[in-house]
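Structural features, examined
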Amino acid sequence: MSSSISQSQASEVSPRMERSAVGTAVGAFGIVAIIGALALLLNVLVQQSPRLGSGFAEWPGAVLESPVDAIRWFFGDMTEPQFYKSDLAAAGLLAGAGLAWWASRRNKRWGGAPLSYGTGLWPWILTAATLSLLLSNIAFDWTLAGGWQPTFVPFVCVASALVLVYGRGWKVCITGAVLGALTTTPVAMLLIATVTTPLGLPPVVANVLAMSVGAALTFLIARKLPWLSIPKPADTPTEPQAHTIPAPSTRSDVAWAARRVLSDYTETQFFANELASIGVILGVSIAFVLNPALPSYGSNLVPHIIFAQALTSAIGVVLWRGWYRNGGWAPTYVSLVSVAPAAVLTFNGSWLSIVGGAVLGAIIAPPIARTISARLPKDFHPFIGNTLSMAISTAIILPTLGFLSSGIG
């Protein structure tokens, strides 16, 4: 069979691909426009904020004195990967995901993309991640006496990944929970103290490096544990494949791209569902209006962060849309939970940080993640490549933005 196509075939393919690009751009940047409008609305509403409760600065110390604050910190950890750190955002995340799960069990189309890539493992993923987070909080909450610590790290890495690779069951769940807490939080604290702080890099670099190191150690240990065995590939898919582009058409590509950008907001929790994402965005928005000094570390930059996240995801989805074809997947969420929000916080929400972080993150982070993940052992979950890409991309891009910012200034 010839590897070339005829001139008439080429004339058919080109317009279809052009329509696909246009439809994807319309859908993706349509979500950016909606999130942008929400960000503007939040900036207006916050002027009338009742300022309920104390600010973030007082929160870590209060955890040791107040069970209520400790519980709120625990739930806030569930959305710290998005840089939100809010118990209300966590309530939105869990409510949205729970609604999506209920809808999927009843074959409701409005439930969005199947949770956890259609594996059916979402309840086990949530249970394992929550147990690992609980262990992390119990074991390391004493460190909060000195201020913030990355107790959230286990919620979005080892335990969930182990379930996706080894399947359902309490043995897998508890093993992942314990190893996740033991191999990530202390490593993150060590890296913050010895690497990122001395180098002037944001803590996210240490956090995602700890996720990679902890996951690699866990999967090496898992090989030696007699009660763990990898099920047949047909039983437990480990690659994200549930949310793919349908046959090219403007309408389908608009809808797909809009849903994909929304799903990126909860990809880091291995949920990857639009309702869960809408829940977490609404939750952090409400938290911001009620008390802007609490979510996102009291930075007052929640509107800037959620907009930069939508922008970097949209650019990535448009740029790397070809990777989603034919059952594929692309790590377009990587910048959303690393480069983009870190840039906003580092440079205090300047336009250069919002646009520069979003653009550079979308261009650089997904290819690095894809390259690393493709070279991992088969019994290592590919998310390890994503977290390594977060560390590498953030460590490269933020100093670059700093140089550009000083040059412009």
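Residues numbered from 1 in each chain as written. Predicted model: local features only at pLDDT ≥ 70, side-chain atom pairs only at ≥ 80, totals over all residues. Heavy atoms only, no water.

Some details on the pattern of salt bridges
A complete count under the given rule lists 8 salt bridges for this structure. A salt bridge links K85 to D77; the shortest N-O distance between them is 2.2 Å. The residues K85 and D77 share a single accessibility class, namely buried. R259 is paired through a salt bridge with E274; the nearest N and O atoms lie 2.4 Å apart. Placement of R259 in helix α9 (residues 250-264) and of E274 in helix α10 (residues 274-290) is noted, with a sequence separation of 15 residues between them. Using a relative accessible area of 6% as the deciding quantity, one classes E274 as buried. Through salt bridges with shared partners, a single network forms among D69, R72 and D87. (Salt bridge = Lys/Arg side-chain N within 4 Å of Asp/Glu carboxyl O. Buried < 20%, exposed > 50% of the residue type's maximum accessible area, 1.4 Å probe, protein only. Helix = DSSP H or I, 4+ residues; strand = E, 2+ residues; numbered from the N terminus.)

Section: the packing of helix α8 (residues 203-222) against helix α15 (residues 383-408)
For any two helices packed against each other, the geometry is given by the interaxial angle and the distance between the axes. Between α8 and α15, whose axes approach to 8 Å, the crossing angle comes to 155 degrees. When the interaxial angle is binned, α8 and α15 end up roughly antiparallel. Seen from above, α8 lies across α15 with left-handed handedness. For the pair α8 and α15, the contacting residues are V204, V205, V208, L209, M211, S212, A215, A216 and F219 in the first and F383, I384, T387, L388, M390, A391, T394 and A395 in the second. Residues that form the contact of α8 with α15 fall into these classes: 14 nonpolar, 3 polar and no charged. (Axes fitted to C-alpha atoms, helices over the stretch in contact; angles between N-to-C directions. Parallel < 35°, antiparallel > 145°, perpendicular 65-115°, else oblique. Left-handed = near helix turned anticlockwise from the far one by under 90°. Contact = heavy atoms within 4.5 Å. Nonpolar A, V, L, I, M, F, W, Y, C, P; charged D, E, K, R; others polar.)

Description of helix α12 (residues 302-319)
Under the 1.5 Å per step criterion, the end-to-end length of α12 is 26 Å for 18 residues, consistent within 8% with the ideal 26 Å. Along α12, 16 of the 18 residues are buried, which leaves the element largely enclosed by surrounding structure. (Expected span 1.5 Å × (residues − 1).)

A look at the environment of F75
Within the fold, F75 resides in helix α3 (residues 67-76). Those residues within four positions of F75 in sequence are excluded, and the remaining contacts are S86, D87, A90 and L94.

Some remarks on the confidence of the model for the protein
Model confidence for the protein is summarised by a mean pLDDT of 91, while 91% of its residues fall at 70 or above. Across residues 1-17, confidence stays below pLDDT 50; counting only partners more than four residues off in sequence or on other chains, it has 4 contacts. (pLDDT = per-residue confidence, 0-100.)

Considering the state of the cysteines
Taken as a whole, this structure holds 0 disulfides when the rule is applied. Free cysteine C157: the closest other cysteine sulfur is in C173, separated by 14 Å. Here C173 falls in the buried class, since its relative accessible area comes to 0%. (Disulfide = S-S within 2.5 Å.)

Brief notes about the packing of helix α14 (residues 351-373) against α15
Interaxial distance between α14 and α15 falls to 8 Å at its minimum, and their mutual angle equals 150 degrees. Between α14 and α15, the interaxial angle falls into the category roughly antiparallel. Crossing geometry of α14 relative to α15 is assigned as right-handed. Two secondary-structure elements touch here, α14 through L352, G356, G357, L360, G361, I364, A365, I368, A369, I372 and S373 and α15 through G385, N386, L388, S389, I392, S393, I397, L401, L404, S405 and I408. In terms of residue class, the contact of α14 with α15 is built from 13 nonpolar, 9 polar and no charged.

Digging into the environment of F140
On the secondary structure map, F140 appears in helix α5 (residues 122-140). Accessibility expressed as a relative area gives 14% for F140, which makes it buried. Sequence-wise, F140 and P150 are 10 residues apart; in three dimensions their C-alpha atoms are separated by 9.2 Å. Sequence-distant contacts of F140, that is, excluding residues within four places in its chain, are made with T151, A181, T185, P186 and M189.

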